[in-house]
Amino acid sequence: MSNRTHHPEADEALAKKNKEEPCFELSGKLAEETTRYKGITLLFNEPPDARKPNDRWRLYVFKDGEPLNEPLCIHHQSCYLFGRERKIADIPTDHPSCSKQHAVIQYREVEKEKPYGMMGKKQVRPYIMDLGSTNKTYINGSPIEPQRYYELFEKDTIKFGNSSREYVLLHESSTE
């Protein structure tokens, strides 16, 4: 016979405590959600509606109002990463105020709403997302919230951090 007295409340509390223990097992979800490229974990994943654009979009780069180089053709893939991490950036931004992975232009297939709530045909449109950079991304001089897609329109001006470079979005049939 044991000297131990039976306490149902204690057993119940112990059972409850064991149930609430956090589980630190790997679910595989995290690995599924992160993408590595050239040994670097990317700060974004392309959304399911990612598509290559139909229009031939270009970024015209200006520094202090003067055009630099040739325009950047940004219609060959569904997204373009901007940042200082040259191993993975599609468009390097070398200014010290820019983050390693600063922002991404993502083309997405969207259904455009017409007047009176009618849904129109699907279009592939450019969007930009700041990837949580320290010094922000700007569209037409206004800072954008991080981790949120903003639709870009023809003639929008994009700036990264405190860089004096401005990127103006146009496409091949734009009127200058």
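Definitions and limits used
- Residues numbered from 1 in each chain as written.
- Predicted model: local features only at pLDDT ≥ 70, side-chain atom pairs only at ≥ 80, totals over all residues.
- Heavy atoms only, no water.
- Phe/Tyr/Trp six-rings, centres within 6.5 Å; stacked < 30°, edge-to-face > 60°.
- Helix = DSSP H or I, 4+ residues; strand = E, 2+ residues; numbered from the N terminus.
- Buried < 20%, exposed > 50% of the residue type's maximum accessible area, 1.4 Å probe, protein only.
- Lys NZ or Arg CZ within 6 Å of the ring centre and 35° of its normal.
- Polar contact = N/O pair within 3.5 Å; in protein donor to acceptor, adjacent residues only side chain to side chain.
- Contact = heavy atoms within 4.5 Å.

Naming follows an unreviewed UniProt entry, where the chain appears as FHA domain-containing protein DDL-like of Camelina sativa.

(A) Just the packing of aromatic side chains, in detail. Within this structure, the stated rule accounts for 4 aromatic pairs. Ring geometry for Tyr-127 and Tyr-149: centres 6.3 Å apart, planes at 80°, overall edge-to-face. On the criterion of sequence distance, the pair formed by Tyr-127 in strand 8 (residues 119-130) and Tyr-149 in the loop between strand 10 (142-143) and strand 11 (150-151) is long-range, its members being 22 residues apart. Ring geometry for Phe-160 versus Tyr-167: centroids 5.4 Å apart, planes at 65°, classification edge-to-face. Residue Phe-160 shares its accessibility class with Tyr-167, and that shared class is buried. A network of ring pairs unites the aromatic residues Phe-82, Phe-160 and Tyr-167 as a single cluster. Positioned over the ring face of Tyr-127 is Arg-108, at 5.2 Å from the centre of the ring. One cation-aromatic arrangement involves Arg-148 over Tyr-150; the distance from NZ or CZ to the ring centre is 4.4 Å.

(B) Seen up close, the side chain of Gln-101. Summarising the element assignment, Gln-101 is placed in the loop between strand 6 (91-92) and strand 7 (103-113). Relative accessible area serves as the criterion here: at 7%, Gln-101 is assigned to the buried category. At 3.0 Å, the side chain of Gln-101 and the backbone oxygen of Thr-41 are in polar contact. Once residues within four sequence positions are removed from consideration, Gln-101 is found in contact with Ile-40, Thr-41, Leu-42, Leu-43, Leu-81, Phe-82, Gly-83, Ile-88 and Leu-131.

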